[in-house]
Amino acid sequence: MSNSNGILRFLTCGSVDDGKSTLIGHLLHLTGNLFDDQLLVLEEESARIGNAAGMMDYSLLLDGLMAEREQGITIDVAYRYFETPKRKFIVADTPGHESYTRNMATGASNCSASLILVDARQGVLPQTRRHLLICLLMGIRKVLFAINKMDLVGRDEARFREIEQECLSLAEGASTLAPGSCALQVVPVSALHGDNLSVLSESMPWYRGVTVLEWLENLELVESTAKAPFRLPVQYVLKGSMESNGWQHEDAQTSAPSHRRATWRSYAGSVASGAVKKGDRVVILPSGVETSIERLLVGDKEADAATAGMAVSVVLAGEHDVVRGDCIAHLSDRPEQADLFKVRLVWMDRQPMYAGRSYLFRTHFGTIEAKITRIRNRIGLDSCELLSASQFDQNDIGEVELALARRFPFDPYLECTETGAFILIDRISNATAACGMILHSMRRSSNIHLHREEIPRELRSAQKGQKPCVVWLTGLSGSGKSTLANVLEVVLHAGGHHTMLMDGDNIRHGLNRDLGFAEADRIENIRRIGEVAKLMTDAGLIVITAFISPFRADRDMVRTLLPAGEFLEVHLTTSLEVCEARDPKGLYRKARMGEIPNFTGINSPYQEPLQPDLRLDTASRSVEECADLIMNLLQQQGFIARSSSR
Amino acid sequence: MKVMNTEYLLQLEQEAIRIIREAVAEAEHPVMMYSIGKDSAVMLHLALKAFYPLKPPFPLLHVDTTWKFREMITFRADIVRRYGVELITHTNPEGLRDGINPMTHGSRLYTDIMKTEALKQALDKGGFDMIFGGARRDEEKSRAKERFFSFRDANHRWDPRGQRPELWSIPNLKKNRGESFRVFPLSNWTELDVWRYISREAIPVVPLYFAAERLVVERNGQLIMLDDERFKLLPGEEAKLLRVRFRTLGCYPLTAGVLSTAASVAEIIEELEQVSMSERCGRLIDFDQSGSMERKKQEGYF
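Just so it is clear, the structure is predicted and the values come from calculations on it, not from any experiment. (Residues numbered from 1 in each chain as written. Chains lettered and ligands numbered in written order. Predicted model: local features only at pLDDT ≥ 70, side-chain atom pairs only at ≥ 80, totals over all residues. Heavy atoms only, no water.)

### Regarding the overall build of chain B
Then step 1. Of the regular secondary structure elements, chain B holds eight helices and ten strands.
Then step 2. Here chain B holds 302 residues, and 64% of them are scored as buried.
Then step 3. Contacts spanning at least 24 positions in sequence make up 75% of the contacts within chain B whose residues lie at least 6 apart. (Helix = DSSP H or I, 4+ residues; strand = E, 2+ residues; numbered from the N terminus. Buried < 20%, exposed > 50% of the residue type's maximum accessible area, 1.4 Å probe, protein only. Contact = heavy atoms within 4.5 Å.)

### Looking at helix α6 (residues 126–137) of chain A
All names here are of chain A.
Then step 1. Between its terminal C-alpha atoms α6 stretches 16 Å, which fits the 16 Å expected from twelve residues at 1.5 Å a residue.
Then step 2. With ten of its twelve residues buried, α6 lies for the most part within the structure.
Then step 3. Those residues of α6 not exposed but buried are Q127, T128, R130, H131, L132, L133, I134, C135, L136 and L137. (Expected span 1.5 Å × (residues − 1).)

### Here we look at the domain arrangement of chain A
All names here are of chain A.
Then step 1. Looking at chain A, the domain boundaries give domain 1 (7–220), domain 2 (227–330), domain 3 (336–444) and domain 4 (457–644).
Then step 2. Computed over C-alpha atoms only, the centres of domain 1 and domain 3 are separated by 30 Å.
Then step 3. The interface is formed by 20 residues belonging to domain 1 together with 17 residues belonging to domain 3.
Then step 4. Seen at the junction of domain 1 and domain 3, the total is zero salt bridges.
Then step 5. Between domain 1 and domain 3 we count three residue pairs in polar contact (both at pLDDT 80 or more) in total.
Then step 6. Only α5 (101–109), α6 and α7 (157–174) provide two or more residues apiece to the side of domain 1 that touches domain 3.
Then step 7. Residue classes in the side of domain 1 that touches domain 3 are distributed as ten nonpolar, five polar and five charged. (Domains from an automatic or database assignment. Salt bridge = Lys/Arg side-chain N within 4 Å of Asp/Glu carboxyl O. Polar contact = N/O pair within 3.5 Å; in protein donor to acceptor, adjacent residues only side chain to side chain. Nonpolar A, V, L, I, M, F, W, Y, C, P; charged D, E, K, R; others polar.)

### Quick look at the packing of aromatic side chains
Then step 1. Within the structure shown, the criterion is met by 24 aromatic pairs over all chains.
Then step 2. Ring geometry for W472 of chain A against F547 of chain A: centres 6.3 Å apart, planes inclined by 35°, an arrangement best described as tilted. Taken together, the residues span a long stretch of sequence, with W472 of chain A in strand β27 (residues 469–475) and F547 of chain A in the loop between β29 (542–546) and α16 (552–561) at a distance of 75 residues. The burial state of W472 of chain A is the same as that of F547 of chain A; both residues are buried.
Then step 3. These aromatic residues form a ring-pair network of at least three members: F341, F361, F408, F410 and F422 of chain A.
Then step 4. Sitting over the ring of F148 of chain B, R137 of chain B keeps its end group 4.9 Å from the ring centre. (Phe/Tyr/Trp six-rings, centres within 6.5 Å; stacked < 30°, edge-to-face > 60°. Lys NZ or Arg CZ within 6 Å of the ring centre and 35° of its normal.)

### Notes on the pairing of strand β2 (residues 78–83) of chain A
As a general feature of sheets, a regular strand has side chains that alternate between the two faces.
Residues and elements named next belong to chain A.
Then step 1. By the criterion of burial, β2 is predominantly enclosed, with six of the six residues buried.
Then step 2. With six bridges connecting them, β2 and strand β3 (residues 88–93) associate as antiparallel partners. The residue bridging Y81 from the neighbouring strand is I90, located in β3.
Then step 3. Linking β2 back to β3 in an antiparallel pair, the connection comprises four residues. (Pairing = 2+ DSSP bridges.)

### A short note on the packing of helix α2 (residues 38–50) of chain B against helix α6 (residues 191–201) of chain B
All names here are of chain B.
Then step 1. Running from amino to carboxyl end, α2 crosses α6 at an angle of 55°, the nearest separation of the two axes being 10 Å. The orientation of α2 with respect to α6, classified from their angle, is oblique. For α2 against α6, the interelement crossing comes out left-handed. Residues K38, D39, V42, H45, L46 and K49 of α2 lie in contact with α6, whose contacting residues are E191, V194, W195, Y197, I198 and E201. (Axes fitted to C-alpha atoms, helices over the stretch in contact; angles between N-to-C directions. Parallel < 35°, antiparallel > 145°, perpendicular 65-115°, else oblique. Left-handed = near helix turned anticlockwise from the far one by under 90°.)

### What to know about the sheet that holds strand β3 (residues 87–90) of chain B
Residue and element names in this part refer to chain B.
Then step 1. An order of β3-β2-β1-β4-β6-β5 is seen for the six strands of this open sheet, with the pairing classed as mixed. At either margin of the open sheet sits one strand with a lone partner, and together these are β3 and β5 (149–152). Strand-to-strand twist of the sheet, defined as the mean angle between neighbouring strand axes without regard to direction, takes the value 30°.
Then step 2. Pairing analysis gives two bridges linking strand β1 (residues 30–33) to strand β2 (residues 60–63), with the strands arranged parallel. What sits directly across from M32, in β2, is L60.
Then step 3. The strands touched by α2 within the sheet are β1, β2 and β4 (130–132), with β1 carrying the most contacts at an inclination of about 145°.

### As for the sheet that holds strand β5 (residues 142–148) of chain A
Residues and elements named next belong to chain A.
Then step 1. The mixed open sheet is built from six strands, whose spatial order is β2-β3-β1-β4-β5-β6. The two strands at the open ends of the sheet, each matched to only one other strand, are β2 and β6 (183–188). Adjacent strand axes in the sheet meet at a mean angle of 20°, parallel and antiparallel pairs treated alike.
Then step 2. By the bridge criterion, six bridges tie strand β4 (residues 113–119) to β5 in an arrangement that is parallel. Bridge assignment links D119 to a residue of β5, and that residue is N148.
Then step 3. Here α6 sits on the sheet and contacts β1 (8–13), β4 and β5; the angle it forms with β4, its principal contact strand, is near 175°.

### A few points about the pattern of salt bridges
Then step 1. If you walk through the whole model with that rule in mind, you get 54 salt bridges over all chains.
Then step 2. Note that R427 of chain A and E369 of chain A form a salt bridge whose closest N and O atoms lie 3.9 Å from each other. Pair noted here: R427 of chain A is in the loop between β25 (421–425) and β26 (432–441) and E369 of chain A is in strand β21 (residues 366–380), with a separation of 58 residues, a long-range link.
Then step 3. The exposure class of R427 of chain A is partly exposed, given its relative accessible area of 33%.
Then step 4. Owing to a relative accessible area of 39%, E369 of chain A belongs among the partly exposed residues under this scheme.
Then step 5. Residue E237 of chain B pairs with R219 of chain B through a salt bridge whose shortest N-O separation is 2.8 Å. Residue E237 of chain B is found in the loop between β8 (222–225) and β9 (240–245), and its partner R219 of chain B is found in strand β7 (residues 212–219); the two are separated by 18 residues along the sequence. One exposure class covers both E237 of chain B and R219 of chain B, and it is buried.

Written out as structure tokens, the structure reads:
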């Protein structure tokens, strides 16, 4: 879509009190985009709750939500609209408080330019560097620095030149992390008084560059996505047939076809990048089917060609099985497919990210299970340096390796935004945990194939007359996991079953000797146990594990490692009071005295299983009773034969 | 103010179609709120394009308070006939039984019962999980922060502080049973965009938008149309024939007209390009409490 005269989407960023909202509010006023009744309310509110010393407080126009009006800060992304005879603008107003990196990344993902505010009294602050870096990392290459509150530094040229220099060297420092040329502009303004917003200020005769509005109006929007290769993610399959009352959806028909009706099948989606013409030879990925575009529709009109951003539907030559999430690309310029990537993440969730955790990976080409396999680095937003990291907290940005459950088509983010971008979704809370940008695929993914097994796992377990599974005992320290595990194994063994018991004694001293008790280490501990348990079930064994394993996400991670149904979660619900009274190893006493950090139940949480396969309270049942109940469960679910119990 | 080139409307149109398709692709039971107004008219037009040549795969839902302008109801029937779309209408039966009305019960209670509560009833009844609305961000301050896809918990409540970020055009539409999304394809449109698009695409709208002589009464500085005999004049009030039009349409006792001579879409656009009053100034329910709209939205209002 030609955008030379199209909509300009830009974001504004600045620290609290830099005057972002004031600047946008004032621009709206100067361009005649405010209505009389809005101005009246504004005048009244300026007098009552304004912070502009008797002048119009334009920030009140933008700070919409009650909570933030009371606190005096913008807490979320707000969108504003205005137009001039030259173009229409969509402004993403993003907060400047440093804990809101996520909002800025959100705003930036849909913008092609950004306006960064700097308070002339304070000059470039650590936040300014962050704001610039986030914009650049998100792919924005057009940045205007508005040096605001020039009125409060006597509209002094020397002060402006000093800050201008700081801004330019800031951009240079960030260039290694964000390659590509960047259009930078620095303008001295007073958002409150309107200096250099839409007309050059008479009070700053030394500045004769562009005004903020001129810069926005004249930005060339040569969209890089229009030049990128053609990609069409299939969003919706239109399937129907001609009925007496017109075209009807296939699934909406109740009667069986009595005669041969005309049928319709087209693939709807928005062109993510590039351009397509009727008749073009295309390939469908991942299936690899080759065909051509027979008909092309933009909305309800037949078209000969379509470009990036257009919502089209295409009719393909021949009959093919194409589904939502498939990628249509030119035969001659198809995307790479891979399942292992180096990516850059902006971590948005309050829950920290650790290597080993699984998330849902969502792109235009579907939703796929993904695991963070390795943290490469965290980007120091204040220093532009790559730092080592064992976890990402909310608002951290950094690079990780990501392994997907299957291969999918993609482009590197810098080559094609829409097909190189993704989000990660937390599997339990459904929250958007992170947004990410694919840097490149990792070659390993196509070279390492899973070792092909000659003997299928079913044969191994059949030899033992059992079905393999993991009996995962979880509960507080002192709840009796090891004791119960031992008794259970003895009972199973007596019944002729082939078992293996894993607990702290045989794991912590060997395989996981290198791990401590920090959160990242605890996750890795469980991950390794899970992987070993998986190998043992492949060998056909019934595996019993006895670990506190306090975090739901870690237990779920092990569950997903195993074939469905082979993970039996047994929760020992014995209360903290009872466990602490037992205190077999004296650990609770030490923890209470502050000698053990991160001790579950005392200064670290235990997340109870939501739907365990079994709950056992060892305070009210004997260990033999508990073992019997687990045996019953194993029999009911067919892991062992009924006759094989004692 | 005149934008030389309205090609930008195409960008808004294509964006809205993408959102409509995405919501339907992820929905189990989608539905489109149809308020009969101009925004609904545009939204329906976009839905027809999005699934062309098939019909949109969802019904329209109208929450009928029984206090809509009569012309709106006539228009609604025309649209259903013209496009052959399925329409569900719902009125809160308890509200109807108790005779809840905007005059004696006040706009807040009336809106709670006949709109917000009625809407929740209708949504629960249909089990709808993706609900299209024609709201635009430029309408009101608290709407400026709405998402295209706005998550609602099982009680239809909106948490403005816990909204999901929307990155690129990749939405997170994961939800549990009972939870839903309100979907706003026109988020980025302004009132002027809506009219320019109506003009460009020749979309039919309710004639109440066009200036005509109408019987109105001035109450609290607002011009209220006497649409039927249920509206009683107070002592000292006087019905007058004035040339008015409506910028938004709702329940007639709560929707004020504005003096205008704009009798066609082109004249409305011309008027708006010079106008000095915002669109919702004719909506009385926005003013009944400070932070009014935000509070209503948290409770489940559209």
